[in-house]
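Chain and residue survey
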Amino acid sequence: MGEALASELQIDMNMKKKMASAIRALSMDAVQKANSGHPGAPMGLADVATVLFTDHMKFDAADPEWHDRDRFIMSAGHGSMLVYSLLYLTGYPGMEMETLKNFRQLGSPTAGHPEYGHAPGIETTTGPLGQGITTAVGMALGERLQAEKLGSDVIDHYTYVICGDGCLMEGISHEAISLAGHLRLNKLIVLWDDNNISIDGTLDMACSDDQVKRFEASGWNTIRVDGHDMSAISAAISDAKASDKPTMIACKTIIGFGAPNKQGTSATHGAPLGDEEIALTREAIGWDAAPFEMPQDVLDAWRSVGSKGANTHKAWLGRVSGLDQAMQDTLVKPLGGDVKVALAAAVIEAKRKFVEGGKSLATRVSSKEALDEILPAIPGMIGGSADLTGSNGTKTKQYKQINRDMFDGNYVHYGVREHAMGAVMNGLYLHGGFLPYSGTFLVFSDYARGAIRLSALMEIPVIYVMTHDSIGLGEDGPTHQPVEHLASLRAMPNINVFRPADSVEVAECWELACTAPKTPAIMTLTRQGVPLMRTDATAENKCAKGGYIIKEPGGERDVTLIGTGSEVSLAIEAAKLLEADGLKVAVVSLPCWELFEEQSSDYQWEVLGDAPRIGVEAAVDFGWNKWLGSNGQFVGMAGFGASGPAGELYEHFGITAENVADAARRVTGNA
């Protein structure tokens, strides 16, 4: 379909060269005006980008959200002016010449690095190197999954990535390349900007890898081309489309191409060229137009590229209209149509089963049982784990593996690739039609943190299942026992960190994670069993407000005990000890600090009260002062854990009902 689309438009080589020069001029002028930015990559890649968009990309600039469009990801996000130039030239809405003039200015959609949601046509946020190529693996996987389900008449597009040397030096790129090659995602095409330059200087100062052999070793098709030979570039992309493997095209380019004194050097990488060099560059590339002026014939040629997919798009809409309504509703939005209604019913059913069973379960186990009910309600839900499937409880009764020969499944075995797992989930969600969740141990969230941060920054509600959430994991010891991770993740903006106390809370937190419109979730879950404390299986979701009174004081309270996760049961035990002393005690479960912070001050006061407060959590105390006040006390961890049985560790570190009760006695003057 892409080849047919390209044949509809005939642009001669002379005009293509002018079109590439337009990218170079816009990029160097915008960086110069901002006195900040990276002109070298856009100038070096202008020929590659021109060929890609004129000869191969399937898109319709008038409708950037066309679901069957080809995706273009600038993994080397510092070269953002390449993206913005292309969006302006092809006629994407909202990207005007004035927008380019405001490059890197406060409030402008033309940010220093491309940011998802700031302007139509930006497929993902890039900048942290390696994230783009890995997110693209998720997009390519999404294409393959939907094509298997809906057929190539509805889903048939490519994912194109431009990456640089920095992307390939980052460790996440190895995870991405390996996974994509293993799955044979043959509609993923990576164009490597092989310019031999990094910020510090020539690449041989730090790297001597043979990148082509590296990709080949991971099962990729590889092609080498002159990145300034437009015919060779186009032929290479055509060959890549015919491959049954993902393809890496090594495009040998000159960074800052056209700048007579600075091209091929690190001087063009991350700084303006300067007025004198820009004037010389204009002369060298034959560009007579003044800064931010575009010759009409060049703009007309680019705009014809932007509209070339309109007829293909229109025909696709006709084919999509033939799908049943449920498929149309969830084609892009995984919770579209009646899915939310089905999800709510599934959560109630999970709660009912938990209450009827009355069992003490590890929250990782109750999470698995909740997912058994939830997954059938959300057709686009895709699970996975970083080689910890059994431990994370991410494998449901509906499990069907996704592999290179079967793309009709619902579960990805990511292998020990936590960082790639997070970025691939981002790509799956951004592709549209999927709600991904995947698991690892909470301590290994450090390995995935770059991807988690981009989930939050892009406001995409992917779900991270992080089990073995405290010293309660036991014998694996301090290397595997998270103590600072809850505080670290809670410090990140726009992320909901859930730590449910029992099975009913687990089901409620899953509902909240699945329905959050713009906020990713961290589900932190226990290895050890916890008692069932909630016995209500109604439609009310008590966790929705982030915190609530799980045990009423039976009168005006003398003290409030606040816990999360596995320590809520300790707080309830401590309350019983204190009640034996004649104290009236409220116990608060605080499964999601972020949601609780969103509540009114009146509600927070109603829950927390004005009596002295004790917090208990098997983690460090960082952040707890906001809930405990000036006279509160905290029972938890003050350092790393140790290897030993879970029960002994809680005793060893003093996280016990007795110590919680003693802290309460001290603050109430009853010690």
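Preceding this section is the structure that the text describes.
Residues numbered from 1 in each chain as written. Predicted model: local features only at pLDDT ≥ 70, side-chain atom pairs only at ≥ 80, totals over all residues. Heavy atoms only, no water.

1. Topic: the overall build of the protein
Check the secondary structure of the protein and you find 27 helices and 20 strands. Relative to its length of 671 residues, the protein is compact, with a C-alpha radius of gyration of 28 Å against a globular reference of 26 Å. Overall, the protein is about 90 × 55 × 45 Å in size when its C-alpha atoms are taken along their principal axes. Taken over 671 residues, the protein has a buried fraction of 62%. Counted over contacts in the protein with a minimum sequence separation of 6, partners at least 24 positions apart contribute 78%. Side-chain charges in the protein split into 56 positive and 84 negative, and the spacing between the mean points of these groups amounts to 3 Å. (Helix = DSSP H or I, 4+ residues; strand = E, 2+ residues; numbered from the N terminus. Rg over C-alpha atoms; globule rule 2.2 N^0.38 Å. Buried < 20%, exposed > 50% of the residue type's maximum accessible area, 1.4 Å probe, protein only. Contact = heavy atoms within 4.5 Å. Lys, Arg positive; Asp, Glu negative; His and termini not counted. Charge placed at Lys NZ, Arg CZ, Asp CG, Glu CD.)

2. Section: the packing of aromatic side chains
Following the criterion strictly, the structure yields 16 aromatic pairs and no others. Both rings, one in Phe53 and one in Phe59, keep their centres 5.4 Å apart while their planes meet at 70°; by these two values the pair is edge-to-face. Like Phe53, the residue Phe59 is buried in the burial classification. Centre to centre, the rings of Trp624 and Phe634 are 5.5 Å apart; their planes meet at 45°, and the pair counts as tilted. Taken together, the residues Trp624 in the loop between β19 (613–616) and α25 (625–628) and Phe634 in strand β20 (residues 633–635) connect sequence positions 10 residues apart. (Phe/Tyr/Trp six-rings, centres within 6.5 Å; stacked < 30°, edge-to-face > 60°.)

3. Here's the deal with the packing of helix α16 (residues 363–374) against helix α21 (residues 503–515)
Where α16 contacts α21, the two axes come as close as 9 Å, and the packing angle between them is 55°. As far as their axial angle goes, α21 and α16 are oblique. Like other packed secondary-structure pairs, α16 and α21 cross with a definite hand, here right-handed. Contacts between α16 and α21 involve Thr363, Ser366, Ser367, Ala370, Leu371 and Ile374 from the former and Ser503, Val506, Ala507, Trp510 and Cys514 from the latter. (Axes fitted to C-alpha atoms, helices over the stretch in contact; angles between N-to-C directions. Parallel < 35°, antiparallel > 145°, perpendicular 65-115°, else oblique. Left-handed = near helix turned anticlockwise from the far one by under 90°.)

4. Here's the deal with the side chain of Lys187
Counting through the fold element by element, Lys187 comes out in the loop between α8 (171–183) and β3 (188–194). Side chain to side chain, Lys187 and Asp156 meet in a polar contact 2.2 Å long. If we ignore the near neighbours within four places in the chain, the residues touching Lys187 are Glu143, Asp156, His157, Tyr158 and Thr159. (Polar contact = N/O pair within 3.5 Å; in protein donor to acceptor, adjacent residues only side chain to side chain.)

5. Some details on the nonpolar core
Counting 80 residues, the largest nonpolar core has Ile378, Met381, Trp510 and Leu561 as the members making the most contacts within it. If you tally residues by element for this core, the top one is α21, at eight residues. With sequence-adjacent residues up to four places away left out, Trp510 is seen in contact with Ser367, Ala370, Leu371, Ile374, Met381, Tyr437, Ile463, Val465 and Met523. Counting 66 residues, the second largest nonpolar core, distinct from the first, contains Ile23, Leu87, Val298 and Trp302. (Core = buried A, V, L, I, M, F, W, Y, C linked by side-chain atoms within 4.5 Å.)

6. A word on helix α19 (residues 445–458)
For α19, spanning 14 residues, the distance from its first C-alpha to its last is 18 Å, which sits close to the expected 20 Å at 1.5 Å a residue. Along α19, the largest kink reaches about 40° and is centred on Ala451. Taken together, the buried positions of α19 are Ser445, Ala448, Ala451, Ile452, Leu454, Ser455, Ala456 and Met458. Positioned one or two residues after α19, Glu459 has a phi angle of 60°, which is positive. (Expected span 1.5 Å × (residues − 1). Bend = angle between axes of the 7 residues up to and from the residue.)

7. Focus on the pattern of salt bridges
Side-chain pairs of opposite charge can arise whenever the charged atoms involved come near each other. Counting across every chain of the model gives 28 salt bridges. Linking Asp55 and Lys16 is a salt bridge whose minimum nitrogen-to-oxygen distance equals 2.8 Å. Placement of the pair is Asp55 in helix α3 (residues 40–56) and Lys16 in helix α2 (residues 13–34), with a sequence separation of 39 residues. As far as the burial class goes, Asp55 and Lys16 line up, both buried. With a shortest N-O distance of 2.8 Å, Lys351 and Glu508 are connected by a salt bridge. Of this pair, Lys351 sits in helix α15 (residues 339–357) while Glu508 sits in helix α21, placing them 157 residues apart in sequence. With respect to class, Lys351 is no different from Glu508; both count as buried. Shared partners join several salt bridges into a network, and the residues in it are Lys351, Glu508, Arg534, Asp536 and Lys542. (Salt bridge = Lys/Arg side-chain N within 4 Å of Asp/Glu carboxyl O.)

8. A short note on the side chain of Gln131
As for its placement among the helices and strands, Gln131 is situated in helix α6 (residues 131–150). Setting aside chain neighbours within four positions, we find Gln131 in contact with Ile172, His419, Ala423, Gly450, Ala451 and Leu454.

9. A closer look at the sheet that holds β19
Sheet strands pair by backbone hydrogen bonding; their relative direction is either parallel or antiparallel. Reading across the sheet, the five strands line up as β16-β18-β17-β19-β20 and stay open at both edges, with mixed pairing between neighbours. Looking at strand neighbours, the two that pair on one side only are β16 (548–551) and β20, the edges of this open sheet. The sheet shows a mean angle of 30° between the axes of neighbouring strands, taken without regard to direction. Both β19 and β20 contribute to a ladder of three bridges, which runs parallel. When the sheet's bridge partners are listed, Gly615 is paired in β20 with Phe634. The strands touched by helix α24 (residues 601–608) within the sheet are β16, β17 (559–563), β18 (585–589) and β19, with β16 carrying the most contacts at an inclination of about 15°. (Pairing = 2+ DSSP bridges.)

10. Thoughts on unusual backbone geometry
Backbone geometry at Arg104 places phi at a positive 65°, although glycine is not the residue there. Considering the arrangement of structural elements, one finds Arg104 in the loop between α5 (97–101) and α6. Of note, the phi angle at Glu459 is positive, near 60°, even though the residue is not glycine. Mapped onto the fold, Glu459 is located in the loop between α19 and β12 (463–467).

11. Some points on the sheet that holds strand β1 (residues 71–74)
With parallel pairing, the five strands of this open sheet are ordered in space as β1-β2-β3-β7-β6. The two strands at the open ends of the sheet, each matched to only one other strand, are β1 and β6 (221–226). Across the sheet, the mean angle from the axis of one strand to that of its neighbour is 20°, orientation sign disregarded. Summarising the sheet, β1 and strand β2 (residues 159–163) pair through four bridges and their orientation is parallel. By the bridge assignment for β2, Arg71 is matched with Thr159. Each of β1, β2 and β3 is contacted by α6, which is oriented at about 170° to β2, the strand it contacts most. Sheet contacts for helix α10 (residues 230–241): β2, β3, β6 and β7 (247–252); angle to β6, the most-contacted strand, approximately 170°.

Everything listed here is a matter of geometry and, on its own, says nothing about what the molecule does.
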